Amino acid sequence: MSILQTSYLGLALKNPLIVGSSSLTDSVEKVKKLENAGAAAVVLKSLFEEQMLHEAQNLHHAGDYYPEAAAYLQSYVAGHSIAEYLRLISDLKQSVSIPVIASVNCMSASGWIEHALKMQQAGADAIEINIYFVAADKTRTSEKCEAIYLDIAAALKKTISIPVVFKLGNHFTNLSCMVDRLYCRGVRGVVLFNRFYEPDIDIKNMTLKSASVFSLPKDIRYSLRWVSIVSAAVEGIQISASTGIANASGVIKMLLAGAQTTQICSALYKNGTDLLKTITEEMQQWMEEHHYKSVDEFRGKLNYKNIKNPEQYERSQFMKYFSSYE
Ligand SMILES: Cc1cc2nc3c(=O)[nH]c(=O)nc-3n(C[C@H](O)[C@H](O)[C@H](O)COP(=O)(O)O)c2cc1C
């Protein structure tokens, strides 16, 4: 019988399937259902930095500039308090046996770090940090943008002892270097990648609108490349692959590329929680067909470790790719 067990951030997991941060994980009932369907761990919906600052009444001026945003925040805070979030963590620790990873969505190291300690005290097994800002300010250099990540990592290291994971977007000049710098500051894992809000334009009404919040299975490709590169370049960092993973083959590809675990979100919204069961069964079947007795036996088998210069490999493949079409 093939064994799907694995570990992530020092936590023992029954398989590599984690349910990603979203409203899929915002209640004890939902998480129990996910656990029964086969989820090995859950990442809770994020608590937002704005929400924490707002409750601490540190966000005085937002309304002066963005009245609509301030009104939305007001109503969001009313319905999602920090106390409720902490209660959810401790209730889950009483009700399920899978690890519970708290999540914070932030854009600075100020004003909210103490709440990470409260999440640890409530029983969170780890904390995932989703740094969400669009680097669109032409006066802020890349170095200054990256310093935000490093400052948050340093502040968390001083404050909490549970493992910290950074959920990163896919736009870095040199992702391996960035991940290495985070690792050196105590970050144990990275989620590759977060999916940012994507705008679209309604040309009939001449207005901005949101693109679909859900990913598609083809969106796996970008994460796949970087899981493969970073897992080879930064030994010791644990990677949870995310974006576009919708079936067993997506999970297997990410493990072959070097991921420790995978996170699933859109596909569960679309197909329901039973998808987890299907994926674990199909993974088991694939491992038996390939005579693997454990996930560790094939993890990273197809990552960039054996290629001296992945950049060169990428470049030659790119040339081949386009030259094959006359
Ligand atoms: C409805 C919805 C809500 C989400 N909420 C959060 C959130 O609160 N915090 C977060 O870090 N990511 C959030 N995400 C992003 C997911 O955790 C995940 O990173 C992203 O959807 C890519 O994974 P997927 O392709 O499996 O959907 C959300 C995604 C969806 C679809």
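Refer to the structure printed above.
What you see is a predicted model; the values in this text were computed from it and never measured. (Residues numbered from 1 in each chain as written. Predicted model: local features only at pLDDT ≥ 70, side-chain atom pairs only at ≥ 80, totals over all residues. Heavy atoms only, no water.)

1. Considerations on the nonpolar core
So, step 1. Grouped together as the largest cluster of nonpolar side chains are 90 residues, with contacts concentrated most on W112, M119, I127, I129, L156, F166 and L168.
So, step 2. Sorting elements by how many residues they give to this core places helix α7 (residues 142-159) first, with 8 residues.
So, step 3. Apart from residues no more than four positions distant in its own chain, M119 is found in contact with L47, Y85, L86, I89, A102, V104, A124 and I127.
So, step 4. Counting residues in each nonpolar core, the second largest holds 12 residues, with L9, L11, A126 and V165 among its members. (Core = buried A, V, L, I, M, F, W, Y, C linked by side-chain atoms within 4.5 Å. Buried < 20%, exposed > 50% of the residue type's maximum accessible area, 1.4 Å probe, protein only. Helix = DSSP H or I, 4+ residues; strand = E, 2+ residues; numbered from the N terminus. Contact = heavy atoms within 4.5 Å.)

2. Some points on the site of the ligand
So, step 1. The full set close to the ligand counts 18 residues, and S21, S46, N130, S215 and S266 are the nearest of them.
So, step 2. A distance of 3.4 Å separates an oxygen atom of the ligand from a polar side-chain atom of K45.
So, step 3. In the complex, the protein chains occlude 89% of the 600 Å² of accessible area that the ligand would expose alone.
So, step 4. Of the residues that constitute the shell around the ligand, the class distribution is 5 nonpolar, 10 polar and 3 charged. (Near = heavy atom within 4 Å. Polar contact = N/O pair within 3.5 Å; in protein donor to acceptor, adjacent residues only side chain to side chain. Areas by Shrake-Rupley, 256 points an atom, 1.4 Å probe, with all protein chains shown as cover. Nonpolar A, V, L, I, M, F, W, Y, C, P; charged D, E, K, R; others polar.)

3. Describing the pattern of salt bridges
So, step 1. What the rule picks out here adds up to 8 salt bridges.
So, step 2. Between K30 and D26 there is a salt bridge; the shortest N-O distance is 2.8 Å.
So, step 3. With a closest N to O distance of 3.7 Å, R181 and E146 form a salt bridge. Of this pair, R181 sits in helix α8 (residues 175-184) while E146 sits in helix α7, and the two are 35 residues apart along the sequence.
So, step 4. By relative accessible area, E146 is classed as buried at 15%. (Salt bridge = Lys/Arg side-chain N within 4 Å of Asp/Glu carboxyl O.)

4. Comments concerning the state of the cysteines
So, step 1. Under the defined criterion, the tally for this structure stands at 0 disulfides.
So, step 2. Summary of cysteine pairing: C106 is not part of a disulfide, and the nearest cysteine sulfur, belonging to C145, is at 14 Å.
So, step 3. Counting only cysteine sulfurs, C106 is the nearest neighbor of C265, a cysteine outside any disulfide, at a range of 19 Å. (Disulfide = S-S within 2.5 Å.)

5. Thoughts on the layout of surface pockets
Rolled over the atoms, a probe as big as a water molecule pinpoints where empty space is left.
So, step 1. Of the volumes computed, that of the second largest pocket is approximately 670 Å³.
So, step 2. What lines the second largest pocket is a set of 26 residues, among which F133, G169, N170, H171 and F196 lie closest to the centre.
So, step 3. Of all the elements in the fold, those that place two or more residues in the lining of the second largest pocket are α7 and α9 (220-233).
So, step 4. At 4 residues, α7 tops the list of elements feeding residues into the lining of the second largest pocket. (1 Å grid on protein atoms, 1.4 Å probe; cavity = no way out; pocket = protein on both sides within 12 Å on 5 of 7 lines; lining within 4 Å. Points joined across faces, edges and corners; volume = space filled by probe spheres on them.)

6. Focus: the packing of helix α1 (residues 28-37) against helix α5 (residues 82-95)
So, step 1. Two numbers describe how α1 lies on α5: the axes approach to 10 Å, and their chain directions differ by 40°. By the angle class used here, α1 and α5 are oblique. Viewed along their axes, α1 and α5 form a crossing whose handedness is right-handed. Each of V28, V31 and K32 in α1 lies in contact with α5, whose residues at this interface are L88, D91, L92 and S95.
So, step 2. By residue class, the composition of the contact of α1 with α5 is 4 nonpolar, 1 polar and 2 charged. (Axes fitted to C-alpha atoms, helices over the stretch in contact; angles between N-to-C directions. Parallel < 35°, antiparallel > 145°, perpendicular 65-115°, else oblique. Left-handed = near helix turned anticlockwise from the far one by under 90°.)

7. Overview of the packing of α9 against helix α10 (residues 248-257)
So, step 1. Where α9 contacts α10, the axes come no closer than 8 Å and their chain directions differ by 25°. The angle between the axes of α9 and α10 places the two elements in the roughly parallel class. Touching I220, S223, L224, V227, S228 and S231 of α9 are G250, K253, M254 and A257, all from α10.
So, step 2. Looking at the contact of α9 with α10 residue by residue, the classes come out as 5 nonpolar, 4 polar and 1 charged.

8. Here we look at the side chain of S81
So, step 1. Along the chain, the position of S81 falls in the loop between α4 (67-79) and α5.
So, step 2. One polar contact links the side chain of S81 to the main-chain amide nitrogen of E84, over a distance of 3.1 Å.
So, step 3. In this view, S81 contacts Q51 and E55; residues no more than four positions away in its chain are not counted.

9. Comments concerning helix α13 (residues 310-323)
So, step 1. For α13, which comprises 14 residues, the first-to-last C-alpha distance of 20 Å matches the rise-based estimate of 20 Å (1.5 Å per residue) to within 8%.
So, step 2. Of all the 14 residues making up α13, 1 are buried; the element is thus mostly uncovered. (Expected span 1.5 Å × (residues − 1).)

10. Description of the packing of aromatic side chains
So, step 1. Enumeration over the complete set of coordinates arrives at 9 aromatic pairs.
So, step 2. On the basis of an interplanar angle of 35° and a centroid distance of 5.8 Å, the ring pair of F193 and Y222 is categorised as tilted. Within this pair, whereas F193 is found in the loop between β9 (189-192) and β10 (199-202), its partner Y222 is found in helix α9, the two being separated by 29 residues in sequence.
So, step 3. For the ring pair F214 and Y269, a centre distance of 5.3 Å and an interplane angle of 45° mean the geometry is tilted. Taken together, the residues span a long stretch of sequence, with F214 in the loop between β11 (207-210) and α9 and Y269 in helix α11 (residues 266-271) at a distance of 55 residues.
So, step 4. In textbook terms, an aromatic cluster arises when at least three aromatic residues are bridged by ring pairs, as seen for F133, Y149 and F172. (Phe/Tyr/Trp six-rings, centres within 6.5 Å; stacked < 30°, edge-to-face > 60°.)

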